[in-house]
Amino acid sequence: MRIGFGYDVHSFAEGRELWLGGIKIPHHQGLLGHSDADVVIHAICDALLGASALGDIGKHFPDTDIRYKNIDSKILLAETAKLLAVAGFVIQNIDTTIALQSPKIAPYIEQMRSTLSGILNLELGQVSVKATTTEKLGFEGREEGVSAYAIVLLA
Ligand SMILES: [Zn+2]
C-alpha cells in the first residue's frame, strides 16, 4: 500500500471558464492557468504521482510546453493514470477537499465523482469529493482563488 498527497491553488480571473473536478461550473469568473486550471484534478494528479514516487504534475506536464496550453485536465488525469498502471500501481481510493467561498458547488459534486471515477475506471464509491468554505478567511475566503487537497491510496 502506498499513500500520496496533492495540493494545488489557482487564482480567479475574469474571462476564464471555471472547471472543477472535470465539470464546467457556471460562474462570473474562472481559474487562471496554462491548462484549464482544474485545481481539483491537478491535486489528484499530484497525489497519484506522489504515492507512486513518479514526480509531480509539473515534471510530466510542464506549463512551458505549448502542448498543454488550455488543455482539458481530464486528459492529464488519464495520462497520469496510464503512468501509474505502467508502473504496476492500482488505485484503491481517492479523497479530495475543495476550499472555495463561491460559487456553491454542492450541486456538482456527484457529477465530479462520476466523471473522475469514469476516467480512472474506478467505482463511484472509490472517489470522494468534498467542498468547504474557509469562513471568508484567506485567499479562498476573499474569492481570490481556489485550493484543492487530495489523498490517494495505491496498491
Ligand atoms: Zn494546477
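Residues numbered from 1 in each chain as written. Predicted model: local features only at pLDDT ≥ 70, side-chain atom pairs only at ≥ 80, totals over all residues. Heavy atoms only, no water.

**Observations regarding the coordination of the zinc ion**
Put simply, the rule is: Note on donors: an N, O or S atom is included if it sits within 2.8 Å of the metal, or within 3.2 Å for Na, K and Ca, and water is never included, so sites can look incomplete. Partly exposed residues are those whose accessible area sits between 20% and 50% of the maximum for their type, while under 20% is buried and over 50% is exposed, using a 1.4 Å probe and protein chains only.
Around the zinc ion, the protein supplies D8 (OD), H10 (NE2) and H42 (ND1) as donor atoms, at distances of 2.0 to 2.1 Å. Each donor residue of the zinc ion lies on the same chain, and together they follow the pattern D-x1-H-x31-H. Comparing D8 with H10 shows no difference in burial state: the two are buried.

**Considering the packing of helix α1 (residues 39–51) against helix α3 (residues 73–86)**
Rules: Angles here are taken between N-to-C directions and fall from 0 to 180 degrees, while the axes themselves are lines fitted to C-alpha atoms, restricted in helices to the stretch in contact. For helices the rule is a DSSP run of H or I covering at least 4 residues; for strands it is a run of E covering at least 2, with both sets numbered from the N terminus onward. An angle counts as roughly parallel when it lies under 35 degrees, as roughly antiparallel when it exceeds 145, as roughly perpendicular when it falls between 65 and 115, and as oblique in every other case. Two residues form a contact once any of their heavy atoms are found within 4.5 Å. Each residue gets one label: Ala, Val, Leu, Ile, Met, Phe, Trp, Tyr, Cys and Pro are nonpolar, Asp, Glu, Lys and Arg are charged, and the others, such as Gly, are polar.
For the pair α1 and α3, the least separation of the axes is 10 Å and the interaxial angle reads 10°. In terms of axis orientation, α1 runs roughly parallel to α3. Along the contact surface, α1 presents I41, H42, I44, C45, L48 and L49, while α3 presents S73, K74, L76, L77, T80, L83 and L84. Among the residues making up the contact of α1 with α3, the classes are represented as nine nonpolar, three polar and one charged.

**With respect to the sheet that holds strand β5 (residues 91–99)**
The cut-off we apply is this: Pairing between two strands is assigned when DSSP locates at least 2 bridges connecting them.
Taken in spatial order, the five strands of this open sheet run β4-β1-β7-β5-β6, and their pairing is mixed. The open sheet terminates on both sides in strands that have one partner only, identified here as β4 (29–31) and β6 (127–132). Direction aside, neighbouring strands of the sheet carry axes that sit 20° apart on average. By the bridge criterion, eight bridges tie β5 to strand β7 (residues 145–154) in an arrangement that is antiparallel.

**Quick word on α3**
Counting along an α-helix, one turn takes 3.6 residues, and residues three or four places apart therefore face a common direction. For clarity, the threshold we go by: By definition here, a helix of n residues has an expected span of 1.5 Å times n minus one. What the arc covers is the set of directions going from the helix axis to the C-beta atoms. Under this definition, polar contacts are N or O atom pairs within 3.5 Å; protein pairs additionally need one hydrogen-donor-capable and one acceptor-capable atom, and for neighbouring residues in sequence, both atoms have to be side-chain atoms.
Taking 1.5 Å of rise per residue, 14 residues should cover 20 Å, and α3 covers 20 Å from first to last C-alpha, within 8% of that figure. Of the residues making up α3, those classed as buried are S73, K74, L76, L77, T80, A81 and L84. Seen end-on, α3 carries its buried residues on one side only, within an arc spanning 155°. Residues K82, A85 and V86 are exposed on α3 and point more than 90 degrees away from its buried face. As for α3, its buried residues are in contact with β2 (18–20), α1, α4 (109–119) and β7. Its side-chain oxygen 2.9 Å from the backbone nitrogen of K74, D72 forms the N-cap of α3. Backbone geometry just after α3 places G88 at a positive phi near 90°.

**Things to note about the pairing of β7**
Most of β7 sits out of view: seven of its ten residues are buried. Pairing geometry for strand β1 (residues 2–14) and β7, over ten bridges, is antiparallel. From the neighbouring strand, D8 faces β7, where its bridge partner is A148.

**A closer look at the packing of aromatic side chains**
Each aromatic ring pair is specified by the distance between its two centres and by the angle formed by the two planes. Put simply, the test is: Geometry of aromatic contacts follows a simple scheme: Phe, Tyr and Trp rings, the Trp one being its six-membered ring, pair when their centres are within 6.5 Å, and the pair is stacked under 30 degrees between planes, edge-to-face over 60, tilted otherwise.
Considering all chains together, one arrives at three aromatic pairs under this definition. Centre to centre, the rings of Y7 and Y149 are 4.9 Å apart; their planes meet at 40°, and the pair counts as tilted. Residue Y7 is found in strand β1, and its partner Y149 is found in strand β7; the two are separated by 142 residues along the sequence. Among the residues examined, Y7 registers a relative accessible area of 37% and is labelled partly exposed. Ring geometry for F61 and Y68: centres 5.5 Å apart, planes at 85°, overall edge-to-face. As far as the burial class goes, F61 and Y68 line up, both buried.

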